[in-house]
Structures are given as C-alpha cells and as structure tokens.
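Each chain is listed here by its residues.
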Amino acid sequence: MKGYWLILGTEIADQAAQKDYNRLWAPIAEKYQARLNPTTVPLLLKEARNTSRVIIAEFPSYEMAKACYEDSAYQEARQFALRASKRDLLIFEGEMA
C-alpha cells in the first residue's frame, strides 16, 4: 500500500523560509518518489481551527513515507517549513481514489 503525509497548515507567514523549504524539498521528493496532491478529487476543508492549507504527499509505500520524514535532509528542510507556517503532519497508509 502507498504511504501518505497529510499536512494541515496555516497561512504562510515567512515567504523566504517557505522558498527555502521548497528548494530543499525538491531533491528529497525525487529521492523518495513523492507526489504532491495526487488526488483528482478536490479536498474540501470543512472544519478547521487555523488550517488554511491542506497538502497530501503520496509515496510508493508507507515505509518510504516514514523513511522520508526521518531522513536527515528532510529534518533540515523541516526547520524552514516550521518557520514558514504552523502545521500538523500525519503519516498514514492507504489508497487514494
């Protein structure tokens, strides 16, 4: 089964940090074969406290999703993501339509 990250984020408060995160994320995504927002069904956020952004990252397997998160390169990139906005990240296994 595929692995996923579900990221619930606030508005981006630090555009420079987000730009740095995006730059660092690109080779990591390639290494782990991650695809962002792979579903053709639009996400409908109905109940949210501070969430204004919903992002899904799809990986070939749950193991790859976990390994990507634990990768030291991602942990470095993550610091920029956390500066850019507040967010929650969940890792799960399943299949998307």
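A brief look at the structure comes next. (Residues numbered from 1 in each chain as written. Predicted model: local features only at pLDDT ≥ 70, side-chain atom pairs only at ≥ 80, totals over all residues. Heavy atoms only, no water.)

## Thoughts on the pattern of salt bridges
Which entries qualify depends on this criterion: By definition, a salt bridge exists where a carboxyl oxygen of Asp or Glu is found within 4 Å of a side-chain nitrogen of Lys or Arg. The numbering of helices and of strands both runs from the N terminus, where a helix is a DSSP run of H or I of at least 4 residues and a strand a run of E of at least 2. Relative accessibility decides the category of a residue: with a 1.4 Å probe and only protein chains considered, values under 20% of the type maximum give buried, values over 50% give exposed, and everything between is partly exposed.
Per the stated rule, a full pass over the model turns up four salt bridges. In this structure, the salt-bridge partner of Lys2 is Glu58, at a minimum N-O distance of 3.6 Å. Taken together, the residues Lys2 in strand β1 (residues 2-9) and Glu58 in strand β3 (residues 53-59) connect sequence positions 56 residues apart. When its relative accessible area of 6% is taken as the criterion, Glu58 is described as buried. One salt bridge connects Glu58 with Arg35, and the closest N-O pair in it is separated by 2.7 Å. Of this pair, Glu58 sits in strand β3 while Arg35 sits in strand β2 (residues 35-36), and the two are 23 residues apart along the sequence. Among the residues examined, Arg35 registers a relative accessible area of 45% and is labelled partly exposed. One continuous salt-bridge network, built from bridges that share partners, spans Lys2, Arg35 and Glu58.

## A short note on the packing of aromatic side chains
The line we're drawing: When the centres of two rings from Phe, Tyr and Trp lie within 6.5 Å, Trp using its six-membered ring, the rings pair. Their planes under 30 degrees apart give stacked, over 60 give edge-to-face, and anything left gives tilted.
All chains considered together, the criterion is met by nine aromatic pairs. The interplanar angle of 20° and the centroid separation of 5.3 Å between the aromatic rings of Tyr4 and Phe92 together place this pair among those described as stacked. Pair noted here: Tyr4 is in strand β1 and Phe92 is in strand β4 (residues 87-94), with a separation of 88 residues, a long-range link. Tyr4 gets classed as buried once you look at its relative accessible area, which sits at 0%. For Phe92, a relative accessible area of 30% corresponds to the partly exposed category.

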